[in-house]
Amino acid sequence: MSKKLSGAQRRTLTKDSELAHSALLSKVPKLTKVFTIGEGTTQQPTSSLLATSNTQDFDHECEQDLILTEVEETAEILKEETSDKLKKGTVEMLNYQNKHFSNDPSTWPENLTVRERERDEIITRGAPSFKKSNDDYPLSSEKRHFSNDFQYRHAENGEKVKRRWLVYSCFSDAVFCFPCCLFDNNPHSSFGKKQGFNNWKKFHERASSHETSSEHFKFTQQWIEAERRINQNAAIDTESGAKYKKKPRDGKTY
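This text gives an overview of the structure that appears in the document. Everything numeric here is computed off the predicted structure, so don't read it as measured data.

### A short note on a positive patch on the surface
For step 1, the next point in the chain: A contiguous patch of positive charge on the surface is contributed by R144, K201, K202 and R206.
For step 2, the next point in the chain: Here K201 lies in the loop between α5 (178–183) and α6 (203–211).
For step 3, the next point in the chain: The exposure class of K201 is exposed, given its relative accessible area of 59%.

### Side note on the environment of I230
For step 1, the next point in the chain: Looking at the secondary structure, you find I230 in helix α7 (residues 214–243).
For step 2, the next point in the chain: Between the alpha carbons of I230 and I123 there is a distance of 8.6 Å; along the sequence they are 107 residues apart.
For step 3, the next point in the chain: The residues contacting I230, other than those within four sequence positions of it, are D120, I123 and T124.

### Quick word on the nonpolar core
For step 1, the next point in the chain: Counting 29 residues, the largest nonpolar core has F146, L166, V175, F191 and F203 as its most contacted members.
For step 2, the next point in the chain: Going through the elements one at a time, α4 (116–125), β3 (166–169), β4 (174–177), α5, α6 and α7 are the ones with two or more residues in this core.
For step 3, the next point in the chain: Non-local contacts of V175, meaning those with residues more than four positions away in its chain, are made with F146, L166, V167, Y168, F191, G196, F197, W200 and F203.

### Regarding the pattern of salt bridges
For step 1, the next point in the chain: Here the structure, examined in full by the defined rule, presents 6 salt bridges.
For step 2, the next point in the chain: Salt-bridge contacts for R117 lead to E118; the nearest nitrogen and oxygen are separated by 3.5 Å.
For step 3, the next point in the chain: A salt bridge links R164 to E227; the shortest N-O distance between them is 2.5 Å. With a gap of 63 residues between them, R164 in the loop between β2 (160–162) and β3 and E227 in helix α7 connect regions that are remote in the sequence.

### Focus: the packing of aromatic side chains
For step 1, the next point in the chain: Per the counting criterion, the structure on display carries 15 aromatic pairs.
For step 2, the next point in the chain: With a centroid separation of 5.0 Å and 65° between ring planes, the pair formed by Y137 and F146 is classed as edge-to-face.
For step 3, the next point in the chain: Judged by relative accessible area, which is 4%, Y137 ranks as buried.
For step 4, the next point in the chain: Note on F191 and F197: the rings are 4.8 Å apart at their centroids and 25° apart in plane angle, and the pair reads as stacked.
For step 5, the next point in the chain: Here a set of aromatic residues connected by ring pairs shows up, and it is made of F130, Y137, F146, F150, W165, Y168, F191, F197, W200 and F203.
For step 6, the next point in the chain: It is K160 that lies over the ring of Y152; its NZ or CZ is 4.6 Å from the centre.
For step 7, the next point in the chain: The ring of Y152 carries the charged tip of K162 above its face, separated from the ring centre by 5.2 Å.

### Details of α4
Residues three or four positions apart in an α-helix share a direction because the helix packs 3.6 residues into each turn.
For step 1, the next point in the chain: The complete set of buried residues in α4 reads E118, R119, D120, E121, I122 and I123.
For step 2, the next point in the chain: Positive phi shows up at G126, right after α4, with a value of about 85°.

### Notes on the pairing of β3
For step 1, the next point in the chain: Burial along β3 is two-sided: the face carrying L166 and Y168 and the face carrying V167 and S169 are both buried.
For step 2, the next point in the chain: As paired strands, β3 and β4 are joined by 4 bridges and run antiparallel to one another. In the strand pairing of β4, Y168 is matched with V175.

### Let's talk about unusual backbone geometry
For step 1, the next point in the chain: Backbone geometry places K143, a non-glycine residue, at a positive phi of 65°.
For step 2, the next point in the chain: Tracing the chain through its elements places K143 in the loop between α4 and β1 (152–154).
For step 3, the next point in the chain: Positioned with a positive phi, D173 is a non-glycine residue whose angle comes to about 50°.
For step 4, the next point in the chain: Within the element layout of this structure, D173 appears in the loop between β3 and β4.

What counts and how
- Residues numbered from 1 in each chain as written.
- Predicted model: local features only at pLDDT ≥ 70, side-chain atom pairs only at ≥ 80, totals over all residues.
- Heavy atoms only, no water.
- Patch = residues over 30% accessible without salt bridge, like charges linked within 9 Å, V, L, I, M, F, W, Y side chains within 5 Å.
- Areas by Shrake-Rupley, 256 points an atom, 1.4 Å probe, with all protein chains shown as cover.
- Salt bridge = Lys/Arg side-chain N within 4 Å of Asp/Glu carboxyl O.
- Lys, Arg positive; Asp, Glu negative; His and termini not counted.
- Charge placed at Lys NZ, Arg CZ, Asp CG, Glu CD.
- Helix = DSSP H or I, 4+ residues; strand = E, 2+ residues; numbered from the N terminus.
- Buried < 20%, exposed > 50% of the residue type's maximum accessible area, 1.4 Å probe, protein only.
- Contact = heavy atoms within 4.5 Å.
- Core = buried A, V, L, I, M, F, W, Y, C linked by side-chain atoms within 4.5 Å.
- Phe/Tyr/Trp six-rings, centres within 6.5 Å; stacked < 30°, edge-to-face > 60°.
- Lys NZ or Arg CZ within 6 Å of the ring centre and 35° of its normal.
- Pairing = 2+ DSSP bridges.

These figures come from the coordinates and say nothing about function on their own.
This is the structure:
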């Protein structure tokens, strides 16, 4: 059997237990520190406080969902606007790089018929080159793409004749008529319009119709005349530059 404690020992053990209990309670935060109660107000029961807390949490979650939705919608709008600005910026960069216009017709400014200087710059630079392989051209939604064979037409005698007027735009994956884009201020054919032509299934039919039209013939003649004028002016400038030479003090020319 265990030995009974004396009265003094029991009193000491009881005191130690009370001190330990008091120390433990001192570490627990008071409700007044968690819930602030103003003067003249009555403290709500615990169940009421929990209900209020749950309602506030629900309202806060709803508010967060609403803010998140607005942020996502705003981000989507900014994404679209940024995409448009990037595309516009790319066109501007192509047009003004080295203070010249790009030779890609989809990036050319409108009303070139009254902007002779810019038009002459484009003619001087010439049409863009085609890709080396047909596999390099992107597929359309109909699983078709531009072919390098489109650069040629077949004459009645079977000879392949290069379509010098035809230019391909890598920027828009479409083809254009070089002279019609430069000189026609009111084009009726898709080959002369801003969006170009990319119905590859009907290319041969539409290209043949376009290149035999009177409008195309007229603007092709203007293109040839402009090239002749530009070349003549370049030849005159070259000749004038050759005649002008600096004369040093000894009177000799170098």
